[in-house]
Amino acid sequence: MTFETETSAAAPAVAPPASAAVPALPLPAGRWVHDPLHSAVNFTIRHLGISKVRGRFTEFEAELVVGETLADTAVNATIALASIDTGNTDRDAHVRASDLLDVERRPTMAFRSRRITGAGAEWTMTGDLTIGDVTRPVTLAVEFGGLGAFGDVRHAGFEATGEIRRSEYGLTFAPGMLGEVVKIQLDLQFSEPGAGEA
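Model, not experiment: these values are computed from the prediction.

Hey, could you go over the pairing of strand β3 (residues 51–57) for me, with residue numbers and the actual values?
Note: strand β2 (residues 40–47) against β3, seven bridges, orientation antiparallel. Looking at β3, one finds that threonine 44 is bridged to arginine 54. The antiparallel pairing of β2 with β3 creates a hairpin that spans three residues between the two strands, and leucine 48 there sits at a positive phi of about 60°. Pairing between β3 and strand β6 (residues 84–85): two bridges, direction antiparallel. Considered in β6, the bridge of arginine 56 is made with aspartate 85.

Structure, rendered in C-alpha cells:
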C-alpha cells in the first residue's frame, strides 16, 4: 500500500502507521506444520432442547502460514465428515447416511481464513466455511496458548471457538430433535517452520 500526502517544505512527510510493520503473530514467519496428535476438532449440539450431544471429527488437516503481516497470514483446514464420532457407533452410522449428513454428497468441511485481527493472546479470525457445495462466512474467537518446546522443536498452540447455524448449509434434518446451532471448539498445535528438515 502506498501512502501519498501533500507536505510543505517545512513539514515532515507522513509515515505509514507503525502497525503496518507489526508481525502477524508473535511467531516466526513461515509454514507451521500441523501436529495432529495434539489437535482436536470438537462440536456440541442440543438434543430435544434439553441436553447436549458432544462429538468430534477424527480425521482432519490444518495449515498455518505466518506472514510478515496479518494480511500475509492464513489458516486453512479440511475435515473428513465421515470421521464423525459421537461415542455411539449406531448413531454415527445414521448421521453419515443420506437422509442426514450424507457424507457421500458432502465428504468434507473446509475452512479458509480471510481476515485475522487481534494481539497478544486474543485474536479474531473470519473466513469461509464450506460444507458440501455451500459456503458461508464464519467468525472464530482464537486464543493463542503460547510456545512450548518438545526436544529441539518449538510448538505453538491455539484454541478456536465459534458456532454455525446448520440450516444455512442445507442441514435441515431432524428439526425439533436436534438444535439449529452447532458450537465448534478447535484445539490446534503446530510445530515451527523447518522442524524435521535435514
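That shown, we press on.
I'd like to hear about a positive patch on the surface, residue by residue, with values.
On the surface, Arg46, Lys52, Arg54 and Lys183 cluster together into a patch of positive charge. By the element assignment, arginine 46 lies in strand β2.

Residues and numbers for the side chain of histidine 34, please.
Inspection of the secondary structure puts histidine 34 in strand β1 (residues 30–34). Side chain to side chain, histidine 34 and serine 39 meet in a polar contact 3.2 Å long. Sequence-distant contacts of histidine 34, defined by excluding residues within four places in its chain, comprise Ser39, Phe60, Glu61, Ala62, Leu188, Gln189 and Phe190.

Run through a nonpolar patch on the surface, naming residues and quoting values.
Nonpolar side chains collect at one region of the surface, where Leu48, Ile50 and Met177 lie side by side and expose about 320 Å² of accessible area between them. By the secondary structure assignment, isoleucine 50 is in the loop between β2 and β3.

Describe the nonpolar core, listing the residues and the values that go with them.
Judged by nonpolar contacts, the single largest core of 44 residues is most densely connected at Leu27, Phe57, Leu64, Leu129, Ile131, Phe158 and Ile164. For this core, the leading source of residues is strand β11 (residues 178–191), giving five residues. Filtering out sequence-adjacent residues up to four positions away, phenylalanine 158 remains in contact with Leu25, Leu27, Leu64, Val142, Glu143, Phe144, Gly145, Leu186, Asp187, Leu188 and Phe190.

The rules behind the values
- Within any chain, residue numbers begin from 1 and follow the written order of that chain's sequence.
- Reporting of local features is limited, given that this is a predicted model, to residues whose pLDDT is at least 70; pairs of side-chain atoms are given and counted only at 80 or more, and all residues count toward the totals for whole chains, interfaces and linings.
- The side-chain quantities take in all heavy atoms of the structure and omit both hydrogens and water.
- Two strands make a pair as long as DSSP finds a minimum of two bridges between them.
- Only DSSP runs of H or I covering at least 4 residues are called helices, and only runs of E covering at least 2 are called strands; the numbering of each starts at the N terminus.
- Exposure above 30% relative accessible area and no salt bridge define the residues that can form patches, which grow by joining like charges within 9 Å and nonpolar side chains of Val, Leu, Ile, Met, Phe, Trp and Tyr within 5 Å.
- Here, Shrake-Rupley sampling with a 1.4 Å probe gives the accessible areas, and only protein chains in the shown set may cover a residue.
- Whenever Lys or Arg places a side-chain nitrogen within 4 Å of a carboxyl oxygen from Asp or Glu, that contact is recorded as a salt bridge.
- When charges are tallied, Lys and Arg are placed among the positive residues and Asp and Glu among the negative ones, while His and the ends of the chain are skipped.
- Charged side chains are reduced to one point each, which is NZ for Lys, CZ for Arg, CG for Asp and CD for Glu.
- Under the rule applied, a polar contact is a pair of N or O atoms within 3.5 Å (in protein, one hydrogen donor and one hydrogen acceptor; residues adjacent in sequence only if both atoms are side-chain atoms).
- Residue contacts are counted whenever heavy atoms from the two residues lie within 4.5 Å of one another.
- For this analysis, a nonpolar core means a set of buried residues of the types Ala, Val, Leu, Ile, Met, Phe, Trp, Tyr and Cys, connected via side-chain atoms within 4.5 Å.
- For each residue, the accessible area found with a 1.4 Å probe, counting protein chains only, is set against the maximum for its type, and the residue is called buried under 20%, exposed over 50%, and partly exposed in between.

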